[in-house]
Amino acid sequence: MPPTRPLTGIKVLEFAGLAPGPFAGMLLADAGASVLRIDRAPSPNNPPTPTPDFLARNKSSITLNLKSPTSLPLLHNLITKSDILIDPFRPGVLEKLHLGPSDLLPLNPRLIYARLTGFRRDGKYATMAGHDINYLAASGVLGLLGRSGEKPHAPWNLVADFAGGGLALVHGILLALLARERTGKGQVVEGNMVDGSSYLATFPRLALKTPLADKKRGENVLDGGCPWYDTYETKDGKYMSVGALEPQFFKALVQGLGLQALGWEKTRADRSTWGEMRRVLTETFKTKTRSEWEAVFDGTDACCVPVLEYAELETDLEREGDQRHIVTLKDTPCFEFSENEGGEPGARKGYTADFLTPGEGGEEALEEWCGLKKGRDYDVVQGAFVSKEGKSKL
């Protein structure tokens, strides 16, 4: 028998969105939860096509017109069977549709109503649109990122959308599930990407008042200011990463580079030498290819590792490029990526997007969750699932 997933039996309704909300739903689905995405019904003249959301792994979809009273009975029925609801919208969107916490929690007191916004709900920017870079800016995190003398630089949309957003929301959901075991009641879980990003930055924020980070952006040990915590280009235009913070690791680095005669082990704390040290390191790394430097440093404690790119990790089976879960649960593991993910022959798993067409798998989910059958309990009219009960009485 296949192992029981950690969230087997948990039912999640996910209102369709992009990036952080779908990421939260995907994490729950990967752990075995049944995740049903609520999509807008397509327009009558356009057949259903996959949405731009490619974080749809292991999910199903149902199409509802949330402004129509014929769709609400289905939604309300699903709410009574759900453990978790994911709201990815700006403040007030679902309340205007009478689908806010005060509307839905009475239908199911065990429901965990998880909502994620970009800015704080009670903050200065609550009603404004934004994206990852804006949330980083408002949180103070963006001000930490970038080279000395250059403008702040946002690292893709990793920190706010996915780490401070989707992942943080799942953290809150799991805490609420634990609390429900004691109280028997669900609750509202509120996350926002400003607070999520700021919380992730607890260590560097506290370090600002210590010698570790009390200089300007890009002039500290861990933000690009230190020559032995940086990246260096190699002869073939690739890069090596250097993180030789501790003295014994720095010693191994210097030995591997053949620079013992420069006496850096005694002078490296002197910031006045950092400019010259960086110049020498830059020149030295360019004397060999990345592969040649790998041959020097592999198996050592020099903290010198190649900067790998996903294009090579996808096909180089000798490296650590396969997709794995954030953590491994030995007795109740999450699904294996080889179970249902496609890809080119010889390519690793975790490099193919999982798109979901609105309505895909919805009929099966309605029967599994609620025992509802198409034609008897509901129909699909102009692309929308509609109840045969008429208007909702709830």
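Every value quoted in this text rests on a predicted model; they were computed, and no experiment measured them.

1. Quick word on the layout of surface pockets
Okay, step 1: Roughly 520 Å³ of volume is contained in the second largest pocket.
Okay, step 2: Considering the residues around the second largest pocket, the lining is formed by 23 residues, among which Leu144, Leu145, Gly146, Leu222 and Asp223 are closest to the centre.
Okay, step 3: Class assignment for the residues of the lining of the second largest pocket results in twelve nonpolar, four polar and seven charged.

2. Some points on unusual backbone geometry
Okay, step 1: Even without being a glycine, His98 presents a positive backbone phi close to 60°.
Okay, step 2: Among the structural elements, His98 can be located in the loop between helix 3 (93-96) and helix 4 (101-104).
Okay, step 3: Taking the relative accessible area as the measure of exposure, His98 reaches 57% and is therefore exposed.
Okay, step 4: Unusually for a residue other than glycine, Cys303 sits at a positive phi of about 55°.
Okay, step 5: Classification of Cys303 by relative accessible area gives partly exposed; the value is 31%.

3. Some words on the packing of aromatic side chains
Okay, step 1: Within this structure, the stated rule accounts for twelve aromatic pairs.
Okay, step 2: Ring plane angle 80° and centroid distance 5.3 Å describe the contact between Trp228 and Trp274, whose orientation is recorded as edge-to-face. A residue pair is termed long-range when its members are at least 10 positions apart, and Trp228 in the loop between helix 8 (202-207) and strand 7 (229-233) and Trp274 in helix 11 (residues 274-285) qualify at 46 residues. Per residue, the accessibility class of Trp228 equals that of Trp274, and both read buried.
Okay, step 3: Each member of the aromatic cluster is reached from another via a ring pair, and the members are Tyr232, Phe285, Trp293 and Phe297.
Okay, step 4: Positioned above the aromatic ring of Phe250, the side-chain terminus of Arg268 is 4.8 Å from the ring centre.

4. A few points about helix 11
Okay, step 1: Helix length check: helix 11, at twelve residues, gives a terminal C-alpha distance of 16 Å against a target of 16 Å (1.5 Å per residue), a fit within 8%.
Okay, step 2: Every buried residue of helix 11 is listed here: Trp274, Met277, Val280, Leu281, Thr284 and Phe285. On an axial view of helix 11, the arc spanned by its buried residues comes to 125°, and they lie on one face.
Okay, step 3: Those residues of helix 11 hidden inside the fold are in contact with strand 7, strand 8 (239-243), helix 9 (247-257), helix 10 (264-267), helix 12 (290-297) and strand 9 (304-306).

5. Let's talk about the pairing of strand 3 (residues 59-64)
Okay, step 1: Counted residue by residue, strand 3 has five buried out of six residues, so it is predominantly covered.
Okay, step 2: Where strand 2 (residues 34-40) lies against strand 3, six bridges are found, and the strand directions are parallel. Considered in strand 3, the bridge of Ile38 is made with Ile62.

6. Details of the packing of helix 2 (residues 72-81) against helix 14 (residues 362-370)
The geometry of a pair of packed helices is captured by two quantities: the angle between their axes and the separation between those axes.
Okay, step 1: Between helix 2 and helix 14, the least distance of the axes is 10 Å, while the angle of their chain directions is 50°. Looking at the two axes, helix 2 sits oblique to helix 14. Crossing geometry of helix 2 relative to helix 14 is assigned as left-handed. Where helix 2 abuts helix 14, its residues Asn77, Leu78 and Lys81 lie against Leu366, Trp369 and Cys370.
Okay, step 2: Of the residues in the contact of helix 2 with helix 14, the class split is four nonpolar, one polar and one charged.

7. Side note on the sheet that holds strand 7
Okay, step 1: Here we have three strands laid out as an open sheet, ordered 7-8-9, and antiparallel in their pairing. The strands lining the two open edges of the sheet, one partner per strand, are strand 7 and strand 9. Here the strands of the sheet are splayed against their neighbours by 25° on average, with no regard to which way each runs.
Okay, step 2: Bridging between strand 8 and strand 9 involves three bridges; their strand directions are antiparallel. Bridge pairing in strand 9 places Ser241 opposite Val305.
Okay, step 3: Running at roughly 40° to strand 7, helix 11 makes contact with strand 7, strand 8 and strand 9 of the sheet.
Okay, step 4: Relative to strand 8, helix 12 is tilted by about 35°, and along the sheet it contacts strand 8 and strand 9.

8. Description of the domain arrangement of the protein chain
Okay, step 1: The domains assigned to the protein chain are domain 1 (11-201 + 331-387) and domain 2 (229-314).
Okay, step 2: For domain 1 versus domain 2, the separation of C-alpha centres amounts to 42 Å.
Okay, step 3: Facing five residues of domain 1, the contacting portion of domain 2 comprises six residues.
Okay, step 4: Roughly 450 Å² is buried in total at the junction of domain 1 and domain 2, and carbon and sulfur atoms are behind 42% of that figure.
Okay, step 5: Between domain 1 and domain 2 we count one salt bridge in total.
Okay, step 6: Here Arg147 ties to Asp230 by a salt bridge, and the two come within 2.7 Å at their closest N and O atoms.
Okay, step 7: The tally of links from domain 1 across to domain 2 stands at one residue pair in polar contact (both at pLDDT 80 or more).
Okay, step 8: When its residues are assigned to classes, the side of domain 1 that touches domain 2 shows two nonpolar, one polar and two charged.

Thresholds applied
Sequence order as written defines the numbering, with residues in each chain counted from 1. Residues qualify for local features only when their pLDDT is at least 70, as the model is predicted, and side-chain atom pairs are given and counted only at 80 or more; totals for whole chains, interfaces and linings, by contrast, use all residues. Side-chain measures here rest on the full set of heavy atoms in the structure, leaving out hydrogens and waters. Grid points spaced at 1 Å over the protein atoms alone were grouped into cavities, where a 1.4 Å probe fits but cannot get out, and pockets, open sets with protein on both sides within 12 Å along at least five of seven lines, with lining residues defined by an atom within 4 Å of a point. Grid points are joined across faces, edges and corners, and a volume is the space filled by probe spheres set on the points. In the scheme used here, Gly and all other residues not listed as nonpolar or charged are polar, with Ala, Val, Leu, Ile, Met, Phe, Trp, Tyr, Cys and Pro taken as nonpolar and Asp, Glu, Lys and Arg as charged. The helix and strand labels rest on DSSP assignments: H or I over at least four residues marks a helix, E over at least two residues marks a strand, and numbering proceeds from the N terminus. Per-residue accessibility, obtained with a 1.4 Å probe over protein chains only, is compared with the maximum for each type, and a residue is labelled buried under 20%, exposed over 50%, and partly exposed between these values. For Phe, Tyr and Trp, rings pair up if their centres lie within 6.5 Å, where Trp contributes its six-membered ring, and each pair is then called stacked (planes under 30 degrees apart), edge-to-face (over 60) or tilted (otherwise). Only Lys NZ and Arg CZ are tested; either one counts as a charge over a ring when it is within 6 Å of the ring centre and within 35 degrees of the ring normal. The span expected for a helix works out to 1.5 Å for each residue beyond the first. Directions drawn from the helix axis to the C-beta atoms are what define this arc. Note on contacts: a residue pair qualifies if any of its non-hydrogen atoms lie within 4.5 Å across the two residues. The pairing criterion is simple: DSSP has to find at least two bridges between the two strands. For every element, the axis is a line fit to its C-alpha atoms; helices are fit only across the contacting stretch, and the angle between N-to-C directions ranges from 0 to 180 degrees. Note on angle classes: values under 35 degrees are labelled roughly parallel, values over 145 roughly antiparallel, values of 65 to 115 roughly perpendicular, and the remainder oblique. Helix crossings get a hand from a simple test, with the near helix turned counterclockwise from the far one by less than a right angle marking a left-handed crossing and a clockwise turn marking a right-handed one. Marked domain ranges trace back to an automatic or database domain assignment. We define buried area as the total accessible area lost by two parts upon association, computed with a 1.4 Å probe and summed across both. Salt bridges are counted wherever a side-chain nitrogen of Lys or Arg sits within 4 Å of a carboxyl oxygen of Asp or Glu. Polar contacts, as used here, are pairs of N or O atoms within 3.5 Å; protein pairs need one atom able to donate a hydrogen and one able to accept it. Residues neighboring in sequence count only if both atoms are side-chain atoms.

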